[in-house]
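So you can see what is in the structure, the chains are spelled out below.
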Amino acid sequence: MISKKLLFNSTILSLPGLISIFVSLLAIPIHLKIAGIENYGNYILFHLILSVSFLLNLGISKSIVISINNFPKYREEVAFEGVKYTSIINFFIIIFLILTLLIFKEILSNEIIFLFKYCSLGIIISQFYLCFEGIFLGNERFKFSSLFNFIFYSLALSIPSLTLIFYQNLTLENLIIISLLIKLLTILFMIFLLISKGLIKKNKKKFLLNNLKKNSKWLTSSSILDQFYYLLDKYLIKIFLGPIALATYSIPQQIMWKLSVVSKGFSAFLLPILSKRNSTNDDFNTSLNIFLRILPIVIFAVFPFYALLLKIWLGDQFNQEILNLTKIFSLSVLFSCGSHILITKFEASKILKQNIKFESYLLPFFLVSIFLLIINSFPLVFIASLILIKEFTLLILRMNFLKSEINC
């Protein structure tokens, strides 16, 4: 039996990703046709760099969710602590930015300075977004969280590309500025709602600090590994194979991995639920059933139509390599979705250390393998296949450790 609360709220949290798939289907071909594949590759690289904010966040966003549900009587106080700690982190980022520009301004190229400034601004904005999102999720304000997620990640990525329809002479810098303005307006609106809804209250208690002491090391370590696994292949492709190869690799990956936002939507719902005392595993096991039994049927049913759909979507940009990559990434996302649900259980149960062990053991083999594949200019399908093997291995390790909790 599927809980109505699980299905409704997880659907609400997943909607941004599902809608963003259709927005991307429209935006990507427009960007490729007007600005070119190299411009798109550099634009995607900028947004990939912003994902460093998940690492610099030091686990504060998820600690907010966990702490609010560990101490439900002090929700507003925990939220205030989260904003305070996020502000401190951003203060150090600003100091680092100023010092770097002062010391190295003479030897850095204008291109590097441009990228460094906009990336730093984007990371600061993203830090506050993650903090505010944690507050909304901790208070189970899923509709607000879903709306802001759609604007901050999907629209901020796609609207600049769609703007090229009307202003075809926009430069890469113009596109990045438009994206950052959308992100900035989003967090300003979030601040307004947090204050008007009374979700923040100044205090001197240390609920979040105590939970951060318990969880931050493992949450931060997990973020480091997640970002390493998520970004390494793309950075190496950009460095050794160029922006065109990055765009070819990223286009099918970006579309297929957007399906993982559905599992992340379920995870966002499960984290506060599983963090509560005396919580059951009913919703946890139901979610696993959905992503390990139902989703594979859907993916394999669409498999025969990939070539037709890609030809309609990409037109002249379609090729066999993109088709092969799409098939491989669609399999990878199946394993990744299951892992998202399992990792949420690790986080809520405060046993994330075990998950980090699995990822750390696999890291050296992954690092050496992907580095050798890229520097030797192996086809992109080999790199994607390595990602597939990595996702499958981690899923099996996580399921084996939690087998006593799993009933599906």
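Remember, predicted model here, so these are calculated numbers, not experimental data.

Engineer: Quick one: what's the story with the overall build of the protein chain, residue by residue and with numbers?
Structural biologist: Looking only at helices and strands, the protein chain features 16 helices and zero strands. Its C-alpha atoms give the protein chain a radius of gyration of 21 Å, near enough to 22 Å, the size a compact globule of 408 residues would have. Over its C-alpha atoms, taken along the principal directions, the protein chain stretches across nearly 55 × 55 × 40 Å. Going through the 408 residues of the protein chain one by one, you find that 54% of them count as buried.

Engineer: Tell me about the packing of helix 11 (residues 260–275) against helix 12 (residues 282–302), residues and numbers included.
Structural biologist: One can describe the packing of helix 11 onto helix 12 by two numbers: an axis separation of 10 Å at closest approach and a directional angle of 170 degrees. Considering the angle they form, helix 11 stands roughly antiparallel to helix 12. In this structure, helix 11 contributes Val262, Ser263, Phe266, Phe269, Leu270, Ile273 and Leu274 to the contact, and helix 12 contributes Asp283, Phe284, Ser287, Ile290 and Phe291. Looking at the contact of helix 11 with helix 12 residue by residue, the classes come out as nine nonpolar, two polar and one charged.

Engineer: An account of the environment of Leu241 is needed here, citing residue identities and associated values.
Structural biologist: Residue placement: Leu241 occurs in helix 9 (residues 207–241). Between the C-alpha atoms of Leu241 and Phe114, which are 127 residues apart in sequence, the distance is 23 Å. For Leu241, the contacting residues outside a window of four places in its chain are Leu236, Ile374, Ser377 and Leu380.

Engineer: Quick one: what's the story with the packing of helix 4 (residues 60–70) against helix 5 (residues 75–104), residue by residue and with numbers?
Structural biologist: Remark: helix 4 packs on helix 5, axes separated minimally by 9 Å, with the N-to-C direction vectors making an angle of 165 degrees. Considered as vectors, helix 4 and helix 5 are oriented roughly antiparallel to each other. As for how helix 4 packs across helix 5, the hand of that crossing is right-handed. Contacts from Ile60, Ile64, Ser67 and Ile68 in helix 4 reach Arg75, Val78, Gly82, Tyr85, Thr86 and Ile89 in helix 5. Taken together, the residues of the contact of helix 4 with helix 5 sort by class into six nonpolar, three polar and one charged.

Engineer: How would you explain unusual backbone geometry if you had to name every residue and give the values?
Structural biologist: One non-glycine residue with positive phi stands out, namely Ser377, at about 55 degrees. With respect to the helices, strands and loops of the structure, Ser377 is situated in the loop between helix 15 (352–375) and helix 16 (380–401).

Engineer: Now, about the pattern of salt bridges: what can you tell me, with residues and values included?
Structural biologist: If you walk through the whole model with that rule in mind, you get four salt bridges. Among the ionic pairs, Lys201 bridges to Glu77, the shortest N-O distance being 3.9 Å. Within this pair, whereas Lys201 is found in the loop between helix 8 (172–196) and helix 9, its partner Glu77 is found in helix 5, the two being separated by 124 residues in sequence. Glu77 sits in the buried class, given a relative accessible area of 7%. Note that Glu405 and Lys345 form a salt bridge whose closest N and O atoms lie 3.9 Å from each other. Residue Glu405 is found in the segment after helix 16, and its partner Lys345 is found in helix 14 (residues 320–348); the two are separated by 60 residues along the sequence. By relative accessible area, Glu405 is classed as partly exposed at 30%.

Engineer: How would you explain a nonpolar patch on the surface if you had to name every residue and give the values?
Structural biologist: Where nonpolar side chains cluster on the molecular surface, the patch consists of Ile88, Phe91, Phe92, Ile94, Ile95, Ile98, Leu99, Leu102, Ile103, Phe104 and Ile107 and spans about 1,100 Å² of accessible area. Mapped onto the elements, Ile95 comes out in helix 5.

Engineer: Give me the environment of Ile88: which residues, what numbers.
Structural biologist: With respect to the helices, strands and loops of the structure, Ile88 is situated in helix 5. In this structure Ile88 comes out as partly exposed when scored by relative accessible area, which is 40%. Sequence separation between Ile88 and Ala307 is 219 residues, and the spatial gap between their C-alpha atoms is 49 Å.

Engineer: Tell me about the packing of aromatic side chains, and please be specific about residues and values.
Structural biologist: In total, this model carries 19 aromatic pairs according to the counting rule given. Their ring planes at 40 degrees and their centres at 5.0 Å tell us that Phe303 and Tyr306 sit as a pair that is tilted. Since its relative accessible area comes to 22%, Phe303 is described here as partly exposed. Judged by its relative accessible area of 7%, Tyr306 falls in the buried class. Judged by centre distance (5.5 Å) and plane angle (65 degrees), the rings of Phe378 and Phe382 are edge-to-face. With a relative accessible area of 35%, Phe378 lands in the partly exposed category. An aromatic cluster of at least three residues, connected via ring pairs, comprises Phe136, Phe144, Phe148, Phe189 and Phe192. Positioned above the aromatic ring of Phe152, the side-chain terminus of Lys183 is 4.0 Å from the ring centre.

What counts, and where the lines are drawn
Residues numbered from 1 in each chain as written. Predicted model: local features only at pLDDT ≥ 70, side-chain atom pairs only at ≥ 80, totals over all residues. Heavy atoms only, no water. Helix = DSSP H or I, 4+ residues; strand = E, 2+ residues; numbered from the N terminus. Rg over C-alpha atoms; globule rule 2.2 N^0.38 Å. Buried < 20%, exposed > 50% of the residue type's maximum accessible area, 1.4 Å probe, protein only. Axes fitted to C-alpha atoms, helices over the stretch in contact; angles between N-to-C directions. Parallel < 35°, antiparallel > 145°, perpendicular 65-115°, else oblique. Contact = heavy atoms within 4.5 Å. Nonpolar A, V, L, I, M, F, W, Y, C, P; charged D, E, K, R; others polar. Left-handed = near helix turned anticlockwise from the far one by under 90°. Salt bridge = Lys/Arg side-chain N within 4 Å of Asp/Glu carboxyl O. Patch = residues over 30% accessible without salt bridge, like charges linked within 9 Å, V, L, I, M, F, W, Y side chains within 5 Å. Areas by Shrake-Rupley, 256 points an atom, 1.4 Å probe, with all protein chains shown as cover. Phe/Tyr/Trp six-rings, centres within 6.5 Å; stacked < 30°, edge-to-face > 60°. Lys NZ or Arg CZ within 6 Å of the ring centre and 35° of its normal.

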